[in-house]
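Results of the structural survey
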Amino acid sequence: MKFQYSEKKVKLPGNVHAYAEKKVMKLARYFEENAEALIVFSVEKGSNNVELTVRGAGTWFRAKESTSDMFASIDLAVSTIEGQIRKNKTRLARRLRQDAFSRTVEETSFAPEPDEEDLSIVKVKRFHIQPMRREEAVLQMNLLGHSFFAFRDEDANGAYAVVYKRGDGGYGLILDVE
């Protein structure tokens, strides 16, 4: 597994990176060797934040955890991603490493696996996607009280785009690259 680290508003000693690498390596058994992990460390208002993104087998996994201790945040982020993998193991089985879900002697948890959630679509909305500027799309999204809004981006020659509200209060843009 390849690792990348990023630090925002904080300078951490090497032992934090080593600890994170050791913990994230527990996830390596689910992926082929070419998997990548990006770990972003930050401190805001006394909270130690860890954002862990793992890319492997053509799938992205992401967890963001915040506690008063950086090591605990790392543990929670790894645990969250492992939970995502276990929860969706039947859907991911074809993408992840062949023996990813074989039990090992190390595993001491005998808790039953949670039921798989139903991914069926229960409602379909149809609407005309309007061409507009990005600022108009953000305004429209806020007026509707939605967390995202699809539109045709006039700034990108009418390409399909989605604006969304980020967890940090900002906005993001997803743009079709055609």
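A brief report on the enclosed structure follows. Worth saying up front: this structure is predicted, and the values here are computed from it rather than measured.

This brings us to the sheet that holds strand E2 (residues 36–44). One open sheet accounts for four strands, arranged E1-E2-E3-E4; its pairing is mixed. On the outer flanks of this sheet lie strand E1 (2–8) and strand E4 (59–67), each paired with one strand and no other. With strand direction ignored, the average angle separating the axes of adjacent strands in the sheet is 15°. In this structure, E2 lies alongside strand E3 (residues 47–56), joined through nine bridges in antiparallel fashion. If you follow Glu 44 over to E3, its bridge partner there is Ser 47. On top of the sheet, helix H1 (residues 14–24) reaches E1, E2 and E3; it is set at about 135° to E2, its chief contact.

Time to look at helix H4 (residues 134–144). Restricting attention to buried positions, one finds in H4 the residues Ala 137, Val 138 and Met 141. Buried residues of H4, seen end-on, are gathered within an arc of 100° and therefore sit on one face of the element. For H4, the exposed residues set more than 90 degrees away from the buried face come down to Glu 135, Leu 139 and Leu 143. The secondary structure elements touched by the buried residues of H4 are strand E5 (131–132), strand E6 (148–153), strand E7 (159–165) and strand E8 (171–175).

Next up on the list: the layout of surface pockets. The space that makes up the second largest pocket amounts to roughly 420 Å³. Glu 51, Arg 62, Lys 64, Arg 166 and Asp 168 are, among the 14 residues lining the second largest pocket, the residues nearest its centre. Mapped onto the lining of the second largest pocket, the elements with two or more residues apiece are E2, E3 and E4.

Our next topic: the nonpolar core. Most often, soluble globular proteins keep nonpolar side chains buried together rather than apart. Formed by 23 residues in total, the largest nonpolar core has its most connected members in Val 24, Leu 27, Phe 31, Ile 39, Phe 41, Leu 52 and Ile 81. When contributions to this core are tallied by element, the ones reaching two or more residues are H1, E2, E3, E4 and helix H2 (70–87). Counting residues per element, this core draws most heavily on H2, at six residues. Counting residues in hydrophobic clusters, the runner-up holds eight residues, among them Ala 137, Val 138, Met 141 and Val 163.

Cut-offs used in this document
Residues numbered from 1 in each chain as written. Predicted model: local features only at pLDDT ≥ 70, side-chain atom pairs only at ≥ 80, totals over all residues. Heavy atoms only, no water. Pairing = 2+ DSSP bridges. Helix = DSSP H or I, 4+ residues; strand = E, 2+ residues; numbered from the N terminus. Axes fitted to C-alpha atoms, helices over the stretch in contact; angles between N-to-C directions. Contact = heavy atoms within 4.5 Å. Buried < 20%, exposed > 50% of the residue type's maximum accessible area, 1.4 Å probe, protein only. Arc of directions from axis to C-beta. 1 Å grid on protein atoms, 1.4 Å probe; cavity = no way out; pocket = protein on both sides within 12 Å on 5 of 7 lines; lining within 4 Å. Points joined across faces, edges and corners; volume = space filled by probe spheres on them. Core = buried A, V, L, I, M, F, W, Y, C linked by side-chain atoms within 4.5 Å.

These figures come from the coordinates and say nothing about function on their own.
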